[in-house]
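Here are the chains, one letter per residue:
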Amino acid sequence: VKDRGRNDFCFYSPLMNPNSQEEIELRADLQDAIREDSLELHYQPKVNAKTGEIVGVEALIRWDHPQKGMLRPHQFIKMAEEQGLIVSLGEWVLKRATRDAKILCERWSRVSVSVNVSVRQLVEPDFYEYVRRALLISGLDPSLLVLEVTESIFAKEIAEIEMNVQKVKEMGVKLSLDDFGTGFSSLGNLTRFSPDEIKVDKSFVDQMMSGGKELELIRTMLSIGLTMRINVVIEGVETLEQRDYLFKRGANVFQGYFYSPPVPYKELLGLMSAGF
Ligand code: C2E
Ligand code: CA
Ligand code: CA
Ligand code: CA
């Protein structure tokens, strides 16, 4: 690996095992994109159904690749994790998201920003340090930053993860368990990590009207939220019918195409002003 000077990519060389020419090139391209700041964050609102207010936004990464066009995360996140780039990528995302959120909250003071965090980041001993740095540089109130962690991946290296989670929580940062209900230890993670939020996975919403157990599981997750004082966000709501159905059963915060797809920051400002 060429020494690119500014970043610390070569520390991760033991992880690198590129298995195709395409992957080697994509990796180099991503490295350039991080360095040249040519990645983008799109934002998807989380909406309070009762008031129509946007209570928070989730940052979702996009990469406008010079040849391949706009890439979605599934086309490069896994590669970034395997090829040792997810830590640099994650740092970029945190910096950009906190900077954008700081500007948002000058006008909408309580809107939070959610950032997806890979388990590869959470096992880094200095993860909490770069969270602290991003908060410091941006000046964002730590309680307006939510870290979303996919709950199915709390497996090995649990000590490092717990340490990082505890340190970021001490800063006032919020924790969200993403894709809740799809992992092996959902209930155990509630006591172990005391999340501030759980996100009910889209797969439950997709299936809830087809007569299986999904609706009962969503209701159970809603009541866990109530009794444990954890915010519950319903993900992937696409239709008015789904929204109303869950609203009647006590759900109040929704994220999904029904309200809005993820949009570029500039469009988000328009959405924020208009509300729902
Ligand atoms: P996620 O965190 O579960 O994010 C939700 C995904 O569902 C997003 O896909 C979003 O665009 C999509 N979505 C939201 N509402 C709807 C809906 O109503 N219908 C449908 N069909 N889809 C909906 P996206 O942006 O492609 O992201 C995919 C995954 O990539 C994310 O899943 C997250 O795990 C990962 N990801 C995205 N950005 C980052 C990042 O900055 N860092 C890391 N580590 N992972 C990221
Ligand atoms: Ca997420
Ligand atoms: Ca999710
Ligand atoms: Ca998901």
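Quantities reported herein were computed from a predicted structural model and do not represent experimental measurements. Along each chain, the written sequence defines residue order, and numbers are assigned to residues from 1. Chain letters start at A and ligand numbers start at 1, both assigned in the order the entries are written. For a predicted model such as this one, the threshold for reporting local features is a pLDDT of at least 70, and the threshold for listing and counting side-chain atom pairs is 80 or more; totals across whole chains, interfaces and linings nevertheless cover every residue. For side-chain calculations, the full set of non-hydrogen atoms in the structure is used, while hydrogens and water are omitted.

Engineer: What is the right way to look at the confidence of the model for the chain in this model?
Structural biologist: Low pLDDT marks stretches whose predicted atomic positions should not be read closely. Per-residue confidence from the predictor is reported as pLDDT, which spans 0 to 100. Averaged over the chain, the pLDDT score is 90; the fraction of residues at 70 or greater is 91%. Low pLDDT (under 50) marks residues 1-15, which in the prediction has 17 contacts with non-local residues, meaning those over four places away or in another chain. Quick note on the complex model: pTM equals 0.92, ipTM equals 0.98. Should any heavy atoms of two residues lie within 4.5 Å, those residues are counted as being in contact.

Engineer: Just checking my understanding: could you explain the pairing of strand S4 (residues 112-117) for this structure?
Structural biologist: Consecutive side chains along a regular strand alternate between the two faces of the sheet. For each residue, the accessible area found with a 1.4 Å probe, counting protein chains only, is set against the maximum for its type, and the residue is called buried under 20%, exposed over 50%, and partly exposed in between. Secondary structure is summarised from DSSP: a helix means a run of H or I of at least four residues, a strand means a run of E of at least two, and numbering begins at the N terminus for each. Burial analysis of S4 places five of its six residues in the buried class, which makes it a mostly covered element. Bridging between strand S2 (residues 53-65) and S4 involves four bridges; their strand directions are parallel. By the bridge assignment, Gly56 is partnered in S4 with Ser112. Paired strands, as defined in this entry, are two strands with at least two bridges between them according to DSSP. Bridge count between S4 and strand S5 (residues 145-150): five bridges; the pairing is parallel.

Engineer: Teacher, can you tell me more about the pattern of salt bridges here?
Structural biologist: Pairing is possible between side chains that carry opposite charge, provided their charged atoms lie close to one another. Take a side-chain nitrogen of Lys or Arg and a carboxyl oxygen of Asp or Glu: if they are within 4 Å of each other, that pair is a salt bridge. For the coordinates displayed, the defined rule picks out 15 salt bridges. The shortest N-O distance in the salt bridge between Asp32 and Arg35 comes to 3.3 Å. Of this pair, Asp32 and Arg35 both sit in helix H1 (residues 21-36), separated by three residues, roughly a single helical turn. Across the pair Lys46 and Glu197 runs a salt bridge, and its minimum N-O distance is 2.6 Å. Within this pair, whereas Lys46 is found in strand S1 (residues 39-48), its partner Glu197 is found in strand S7 (residues 197-200), the two being separated by 151 residues in sequence. What makes Lys46 buried here is its relative accessible area of 4%. In this structure Glu197 comes out as buried when scored by relative accessible area, which is 6%. Connected through salt bridges with shared partners, the residues Asp32, Arg35 and Glu36 form a single ionic network.

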